[in-house]
Amino acid sequence: MPQFTFTVTEQMIPYEDYTYKKQTLRKLVEDIQGNDDEFYTLVNNIIVGEDQKGKIIEAMKKETNQRKDHSEELFKDVFEKINKAVNSFNEQVEEMKKQRLSVTYEDHTGEKDFAL
């Protein structure tokens, strides 16, 4: 008697989209970004608002601006990484919800066709 095997991949658990997690993570980063902006505004107001002058003040302004620019670049990078991480998470979870099944059977009827 001939033996036949077929393999299928079945979705065992229904699909769920986790992209809503992006907004939760973005909100946390935006809160940090807001605190940073508040800090840089405060520093700027103290330095510029009080008409401070001199080499030390100019160096502080320059350093503050550089740090602010660097922080903004980091935030952009974090937002991109959030998107990539959540998309990857979505794919990994979906892959884990699938199961490969192999079925081996013997044909007792002599027919070679098998319908699922």
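Procedures and definitions
Residues take numbers from 1 onward in each chain, read along the sequence in its written order. The predicted origin of the model limits local features to residues at a pLDDT of at least 70 and limits the giving and counting of side-chain atom pairs to 80 or more, whereas totals for whole chains, interfaces and linings rest on all residues. Side-chain calculation: all heavy atoms of the structure are included, whereas hydrogens and water are not. Put simply, buried Ala, Val, Leu, Ile, Met, Phe, Trp, Tyr and Cys residues joined by side-chain atoms within 4.5 Å make one nonpolar core. The cut-offs for exposure are 20% and 50% of the maximum accessible area for each residue type, with area from a 1.4 Å probe on protein chains only; residues under the lower value are buried, those over the upper are exposed, and the others partly exposed. Secondary structure elements are defined from DSSP: runs of H or I of at least 4 residues count as helices, runs of E of at least 2 residues count as strands, and each element is numbered from the N terminus. By definition in these notes, contact holds between two residues if any of their heavy atoms fall within 4.5 Å. Helix span is expected to be 1.5 Å times the residue number reduced by one. The rule for a salt bridge is simple: a side-chain nitrogen of Lys or Arg has to be within 4 Å of a carboxyl oxygen of Asp or Glu.

(A) The arrangement of the nonpolar core in detail. Of all hydrophobic cores here, the largest spans five residues; its members are Val-29, Phe-75, Phe-79, Ile-82 and Val-86. No other element matches helix H2 (residues 55–96), which puts four residues into this core. Among residues more than four places away in sequence, those in contact with Val-86 are Tyr-18, Thr-19, Lys-21, Lys-22 and Leu-25.

(B) Structural detail: the side chain of Asn-90. Within the element layout of this structure, Asn-90 appears in helix H2. What makes Asn-90 buried here is its relative accessible area of 8%. Beyond its immediate sequence surroundings of up to four residues, Asn-90 is in contact with Tyr-15, Glu-16, Asp-17, Tyr-18 and Thr-19.

(C) A look at H2. The terminal C-alpha atoms of H2 lie 60 Å apart, and with 42 residues this matches the ideal 62 Å at 1.5 Å per residue to within 8%. Buried residues along H2 sit against strand E1 (3–11), helix H1 (20–49) and strand E2 (98–106).

(D) A look at the pattern of salt bridges. Overall, the coordinates contain six salt bridges when judged by the stated rule. Between Lys-27 and Asp-31 there is a salt bridge, with the nearest N and O atoms lying 2.8 Å from each other. Note that Lys-27 and Asp-31 are positioned in helix H1 at a spacing of four residues, about one turn of the helix. Asp-31 gets classed as partly exposed once you look at its relative accessible area, which sits at 36%. One salt bridge in this structure joins Glu-94 and Lys-97, with 3.3 Å as the shortest N-O distance. Taking the relative accessible area as the measure of exposure, Glu-94 reaches 10% and is therefore buried. Residue Lys-97 is classed as buried on the basis of its relative accessible area of 8%.

Function-wise, these values are silent; they only describe arrangement.
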